[in-house]
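# Per-entry structural report
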Amino acid sequence: METNTLPQCWQDFDDAIAAGVKQIILYGPPGTGKTYSGLHAGDTTNGAWRLVCTEEMTAADVVGHWMPSAGGAWEWHDGSVIKAWQGNGLGGGRVVADEIDKANGDVLGMLLAMFDSQESATWQRPDTGRTIRPLNGFSVVMTTNVENMDELPIALKDRFPIAIRINTPHPEALKVLSPDLRKAAAASADADKSRRFSIRTFMEFDKIRTTLGDERAAKLVFNRRADDILDAIKINAVAA
């Protein structure tokens, strides 16, 4: 029988958000719902924006860039962080910076400046010349798939004093799967790397098994771990 009790890592996240913490890092294995939760946890009525960090990203992704309009004039388009700074115009929103460990040196430096304290973070708009700051309510959730916080830059950890290791999928994320797969998916998310599979992998298995059957689908999706996954599904079905 499923319960509504949150795993400890997700309870910690909810408690931090409820307490008004504005800067949090969620780290740990992929496919556990870190991004979704960052975009939806707590009060996001002022808006929430996602910033996917890559080695090729530029300042344009963070603050914005000029683009020609249909009429030929050049117009400024805000980036994800500036959009979150301004929120709904009355209060700041949230930005979820995904895979922050992938940001390159220059962009990482800019992000550190943008995620500084509200009193210190400033930016001059190139379209109006006006200096702006994040509005009250602005918050940041950074996500990364690193296993150890020591892998992240010290300056980044200093700005985000609360870091929560997410070691199990969020119950809401598990609901995309058929009930008989949820316990196996939860147990697999933070298993040894040779036995680790994300929710996305279980979603693919869930989809194709309707056509191919469990055994054939498991062989295609889980390869040499197929029998282990099938055994876990059977055991969970008996225990349910």
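Keep in mind it's a predicted model, so treat the numbers as computed, not measured.

Parameters and conventions
- Residues numbered from 1 in each chain as written.
- Predicted model: local features only at pLDDT ≥ 70, side-chain atom pairs only at ≥ 80, totals over all residues.
- Heavy atoms only, no water.
- Helix = DSSP H or I, 4+ residues; strand = E, 2+ residues; numbered from the N terminus.
- Buried < 20%, exposed > 50% of the residue type's maximum accessible area, 1.4 Å probe, protein only.
- Pairing = 2+ DSSP bridges.
- Axes fitted to C-alpha atoms, helices over the stretch in contact; angles between N-to-C directions.
- Contact = heavy atoms within 4.5 Å.
- Phe/Tyr/Trp six-rings, centres within 6.5 Å; stacked < 30°, edge-to-face > 60°.

Summarising the element assignment, A84 is placed in helix α4 (residues 80–86). The class of A84 is buried, set by a relative accessible area of 0%. As for A84 and A163, which are separated by 79 residues in sequence, their C-alpha atoms are 21 Å apart.

A few words on the sheet that holds strand β1 (residues 23–27). Taken in spatial order, the five strands make up an open sheet running β2-β5-β8-β1-β9, and their pairing is parallel. A strand with exactly one partner marks an edge of an open sheet, and here the two such strands are β2 (48–52) and β9 (162–165). On average, adjacent strands in this sheet sit at an angle of 20° to one another, irrespective of strand direction. Bridge analysis of β2 against strand β5 (residues 94–98) gives five bridges, and the strand direction is parallel. Its bridge partner being in β5, R50 is matched across the sheet by V96. The strands touched by helix α1 (residues 8–18) within the sheet are β1, β5, β8 (139–144) and β9, with β1 carrying the most contacts at an inclination of about 170°.

Turning next to the environment of N145. Looking at the secondary structure, you find N145 in the loop between β8 and α6 (154–159). Its relative accessible area of 32% is what places N145 among the partly exposed residues. Linking N145 and L26, residues 119 residues apart in sequence, is a C-alpha distance of 8.5 Å. Sequence-distant contacts of N145, defined by excluding residues within four places in its chain, comprise G28, P29, P30, K34, E99 and D101.

Further remarks concern the packing of aromatic side chains. Under the defined criterion, the tally for this structure stands at eight aromatic pairs. Ring geometry for W66 against W76: centres 5.4 Å apart, planes inclined by 75°, an arrangement best described as edge-to-face. One end of the pair, W66, is in strand β3 (residues 64–68); the other, W76, is in strand β4 (residues 74–78), with ten residues separating them in the sequence. Under the relative-accessibility criterion, W66 is labelled partly exposed at 39%. A relative accessible area of 16% means that W76 is categorised as buried. Where W76 meets W123, the ring centres are 6.1 Å apart and the plane angle is 35°; that geometry is what we call tilted. Taken together, the residues span a long stretch of sequence, with W76 in strand β4 and W123 in strand β6 (residues 123–124) at a distance of 47 residues.

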